[in-house]
Amino acid sequence: MKRRSARELFEAVATWVDRRSPQTLFARALIIIVVPMLLLQALSAWWFYSQRGDNVTNRLALLVVRDLRALIALHDQFPDADHRAWIVDHARTDLFTSVRFRPGRVPPFRSPEHFDIVAREVQGALDADLRKPYYLDNSIGGDQLFVEIQLTPDTVMEAYIPYLRLTFGSSFAYVLAQVGLALVLFGLAIWFMRRELVPIEHLGVAAEALGKGREVPDFAFSGGTREVRNTAIAFRTMGIRLRRSIQQRTEMLAGVSHDLRTPLTRMKLSLAMLPDSPEAKELGDDVGDMERMIEGYLAFARGEGDEETAPSDLSDILEDVAAGARRDNAEVAVTWSGDMNVELRPIAIKRCITNLVSNALRHGKRAAIHATRGRTSVEITVDDNGPGIPEERYEDVFRPFVRLDESRNIDTGGSGLGLTIARDIARSHGGDVTLAKSPLGGLRVVVRLPV
Ligand SMILES: Nc1ncnc2c1ncn2[C@@H]1O[C@H](COP(=O)(O)OP(=O)(O)OP(=O)(O)O)[C@@H](O)[C@H]1O
Ligand SMILES: [Mg+2]
């Protein structure tokens, strides 16, 4: 077997515990608080009973034996019957011990196996402090300990000592108090914990909304700890900056594209004035290309604008796209399964799917759209029966202005922005667009949107 370092072992144990313990922060935090608390209580109770408890019992036993010694001394001094009665009387009322004197001898005593701690302590005290023959019995019942002591060769003192004098109260009350207190503290801990966790939960919701390109809810992070509050503030600022910078980028590019249209128009006019020549024709094609690119980009920038996410019916959007394509006599099938109510930017998503369907119909004769609702996302696939794309070009075609067909044939190519825009839209929803082989023979484009 391979030897493992202590560090690896520690890591393994930590991973094991991690996988088997509850996954929520709340539950874990509670465990972190409660387990040490219970351990501490158990340990202190054990320590109290085993150490202090023995100690106290020992002293109580000693005191009882001292009382017996005092009674014996009195009896030695005043052995007449009147004084005996007086001693017995006072033992009962003052020492809660019923005492009797009788002639005879104590039976021989061997300490039995099942002596309890109290009897053992009394036995020890008798051995240490009295040095007279004695007999001890803790099985007479009635919560009493029975002691016989040989006073003189023919006199025996019998004493019934209540256990009350030898123990220090019921442990039941102590345990009850401990448990009760623990429950109260536990309740308080749960309550405070919940309060602390709300801002963290809100933070999670806000992060998710930002990731999916949705409006970030404006939680009041006034509650929680300073760390959470700072994180929340930093997070919100980041969200605002992110939006602003995206907006700025889009606006700037839209501005540039828009401004380029005027010189392009002028160039087109100048070209029209030129006499017909192959060079002029080439230049005209190039200008045409540039115009289409700019139109495409402007359309994209306009669409991205300020559209907000809204609960939408995805099947409606898909049917819309298909209906648009069918107007050009194309064959497009639309199917879906599961709940199609999704929170998204409908115009943007419609543009995304339209781009994909127009690609499919440009390269194939038939297109099929299918949407499936999963647990965490919807998946829209657009299939076609065209030639498809070689696998090693899958990533390339997403780059702006990349077209595999390098000919300038307007029938087979556009500006090369279609897939770029489609992916951009999906990613702004927190999803993505990927490519695969289609069962129809051509390309399959998969749009995944988180829900
Ligand atoms: N369904 C498809 N089948 C085969 N090739 C495809 C398919 N979709 C896209 N392509 C290839 O990927 C390239 C990029 O596609 P993209 O949609 O980004 O641009 P485009 O269709 O050329 O132009 P635009 O969509 O902007 O009009 C296309 O030029 C084409 O070569
Ligand atoms: Mg396209």
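Residues numbered from 1 in each chain as written. Chains lettered and ligands numbered in written order. Predicted model: local features only at pLDDT ≥ 70, side-chain atom pairs only at ≥ 80, totals over all residues. Heavy atoms only, no water.

Asks: Looking at this model, I keep getting lost on the overall build of the chain. Mind explaining?
Replies: Within the chain, the secondary structure is distributed over 10 helices and 11 strands. For the chain, whose C-alpha radius of gyration is 46 Å, the value lies well above the compact-globule estimate of 22 Å for 451 residues. By its C-alpha atoms, the chain is 155 × 45 × 45 Å across when sized along the principal axes. The long-range fraction of contacts in the chain, counting pairs at least 24 apart against all pairs at least 6 apart in sequence, stands at 64%. Carbon and sulfur atoms provide 59% of the accessible area of the chain, an area that totals close to 27,800 Å². Charged side chains in the chain number 57 positive and 60 negative. The centres of these two groups are separated by 3 Å. (Helix = DSSP H or I, 4+ residues; strand = E, 2+ residues; numbered from the N terminus. Rg over C-alpha atoms; globule rule 2.2 N^0.38 Å. Contact = heavy atoms within 4.5 Å. Areas by Shrake-Rupley, 256 points an atom, 1.4 Å probe, with all protein chains shown as cover. Lys, Arg positive; Asp, Glu negative; His and termini not counted. Charge placed at Lys NZ, Arg CZ, Asp CG, Glu CD.)

Asks: It is not clear to me how the confidence of the model for the chain should be interpreted in this structure. Could you clarify?
Replies: Overall, the predicted model of the chain reaches an average pLDDT of 86, with 95% of residues at or above 70. Model confidence for the chain, summarised as mean pLDDT per element, is weakest for helix H7 (residues 278–304) at 80 and strongest for strand S9 (residues 377–384) at 96. (pLDDT = per-residue confidence, 0-100.)

Asks: Is there a simple way to explain the nonpolar core in this structure?
Replies: Across soluble globular proteins, nonpolar side chains have a tendency to be buried as a group. Grouped together as the largest cluster of nonpolar side chains are 50 residues, with contacts concentrated most on Leu314, Ile353, Ile380 and Val447. Of the residues forming this core, the biggest block, seven residues, is contributed by helix H9 (residues 346–363). When near neighbours in sequence (up to four residues on either side) are disregarded, Ile353 contacts Leu318, Val321, Ile369, Ile380 and Val447. One finds Val64, Ala91, Val118 and Met157 within the second-largest nonpolar core, a separate group that totals 28 residues. (Core = buried A, V, L, I, M, F, W, Y, C linked by side-chain atoms within 4.5 Å. Buried < 20%, exposed > 50% of the residue type's maximum accessible area, 1.4 Å probe, protein only.)

Asks: Would you mind going over the packing of H9 against helix H10 (residues 418–428) with me for this structure?
Replies: Packed helices, taken two at a time, are described by the angle between their axes plus the distance between the axes. Put simply, H9 and H10 touch, their axes get as near as 9 Å, and they point 145° apart. Considering how the two elements wind past one another, H9 and H10 form a crossing that is left-handed. In this structure, H9 uses Ala348, Ile349, Arg351, Cys352, Asn355, Leu356 and Asn359 to contact H10, whose residues at the interface are Gly418, Leu419, Ile421, Ala422 and Ile425. The residue makeup of the contact of H9 with H10, split by class, is eight nonpolar, three polar and one charged. (Axes fitted to C-alpha atoms, helices over the stretch in contact; angles between N-to-C directions. Left-handed = near helix turned anticlockwise from the far one by under 90°. Nonpolar A, V, L, I, M, F, W, Y, C, P; charged D, E, K, R; others polar.)

Asks: Please explain the site of ligand 1 as it appears in this structure.
Replies: Around ligand 1 there are 19 residues in total, and Asn359, Asp384, Gly416, Leu417 and Leu419 lie nearest to it. A distance of 3.2 Å separates an oxygen atom of ligand 1 from a polar atom in the backbone of Leu404. Contact between ligand 1 and Leu419: an oxygen atom at 2.8 Å from a main-chain N or O atom of the residue. Look at ligand 1: alone it shows 590 Å² of surface, and the protein chains cover 93% of it. Of all the secondary-structure elements, those providing two or more residues to the shell around ligand 1 are H9 and H10. When grouped by side-chain class, the residues that make up the shell around ligand 1 number eight nonpolar, seven polar and four charged. (Near = heavy atom within 4 Å. Polar contact = N/O pair within 3.5 Å; in protein donor to acceptor, adjacent residues only side chain to side chain.)

Asks: Is there a simple way to think about the packing of aromatic side chains in this case?
Replies: Given two aromatic rings, one states the distance between the centres and the angle between the planes to describe the pair. Under the criterion given, the structure shown has four aromatic pairs. Both rings, one in Phe146 and one in Tyr160, keep their centres 4.8 Å apart while their planes meet at 35°; by these two values the pair is tilted. In this pair, Phe146 sits in strand S3 (residues 144–152) while Tyr160 sits in strand S4 (residues 155–162), placing the two residues 14 residues apart along the sequence. Residue classification places Phe146 among the buried positions, given a relative accessible area of 10%. Exposure remark for Tyr160: the relative accessible area of 25% places this residue in the partly exposed category. Directly above the ring of Phe26 sits Arg194, whose terminal nitrogen or CZ lies 4.1 Å from the centroid. Across the ring face of Phe398, the terminal group of Arg423 is positioned such that the distance to the ring centre comes to 3.7 Å. (Phe/Tyr/Trp six-rings, centres within 6.5 Å; stacked < 30°, edge-to-face > 60°. Lys NZ or Arg CZ within 6 Å of the ring centre and 35° of its normal.)

Asks: Would you take a moment to explain the pairing of S4 for this structure?
Replies: In regular strands, side chains alternate between the two faces of the sheet. Counting buried positions over the eight residues of S4 gives seven, a clear majority of the element. Bridging between S3 and S4 involves eight bridges; their strand directions are antiparallel. Its bridge partner lying in S4, Thr152 is registered against Thr155. What sits between S3 and S4 in their antiparallel hairpin is a turn of two residues. (Pairing = 2+ DSSP bridges.)

Asks: Got a minute to help me understand unusual backbone geometry in this structure?
Replies: Positioned with a positive phi, Asp143 is a non-glycine residue whose angle comes to about 55°. Topologically, Asp143 is positioned in the loop between strand S2 (134–137) and S3. Even without being glycine, Asn329 reaches a positive phi, approximately 65°. As for its placement among the helices and strands, Asn329 is situated in the loop between helix H8 (314–326) and strand S6 (331–337). Classification of Asn329 as exposed rests on a relative accessible area of 74%.

Asks: Whenever I open this one, a nonpolar patch on the surface confuses me. Can you help?
Replies: A cluster of nonpolar side chains, namely Leu181, Val184, Leu185, Leu188, Trp191 and Phe192, defines an oily patch on the protein surface of about 610 Å² accessible area. Accessibility expressed as a relative area gives 52% for Trp191, which makes it exposed. (Patch = residues over 30% accessible without salt bridge, like charges linked within 9 Å, V, L, I, M, F, W, Y side chains within 5 Å. Salt bridge = Lys/Arg side-chain N within 4 Å of Asp/Glu carboxyl O.)

Asks: Teacher, can you tell me more about H10 here?
Replies: The periodicity of an α-helix, 3.6 residues per turn, causes residues three or four places apart in sequence to face the same way. Burial runs high along H10: eight of the 11 residues are buried. By the burial criterion, the buried members of H10 are Leu419, Thr420, Ile421, Ala422, Arg423, Ile425, Ala426 and Ser428.

Asks: Just checking my understanding: could you explain the environment of Asp432 for this structure?
Replies: Relative to the elements of secondary structure, Asp432 occurs in strand S10 (residues 432–437). Residues Asp432 and Arg448, spaced 16 residues apart in sequence, show a C-alpha to C-alpha distance of 5.5 Å. Excluding its chain neighbours within four sequence positions, the residues that come into contact with Asp432 are Arg423, Ala426, Arg427, Val446, Val447 and Arg448.

Asks: Even after reading the chapter, I still don't get the pattern of salt bridges, so can you show me in this structure?
Replies: The final tally for this structure, using the stated rule, is 20 salt bridges. The residue Arg28 makes a salt bridge to Asp18 at a minimum N-O spacing of 2.8 Å. Here Arg28, found in helix H2 (residues 25–77), pairs with Asp18, found in helix H1 (residues 6–20); they are 10 residues apart in sequence, far enough to count as distant. In this structure Asp18 comes out as partly exposed when scored by relative accessible area, which is 40%.

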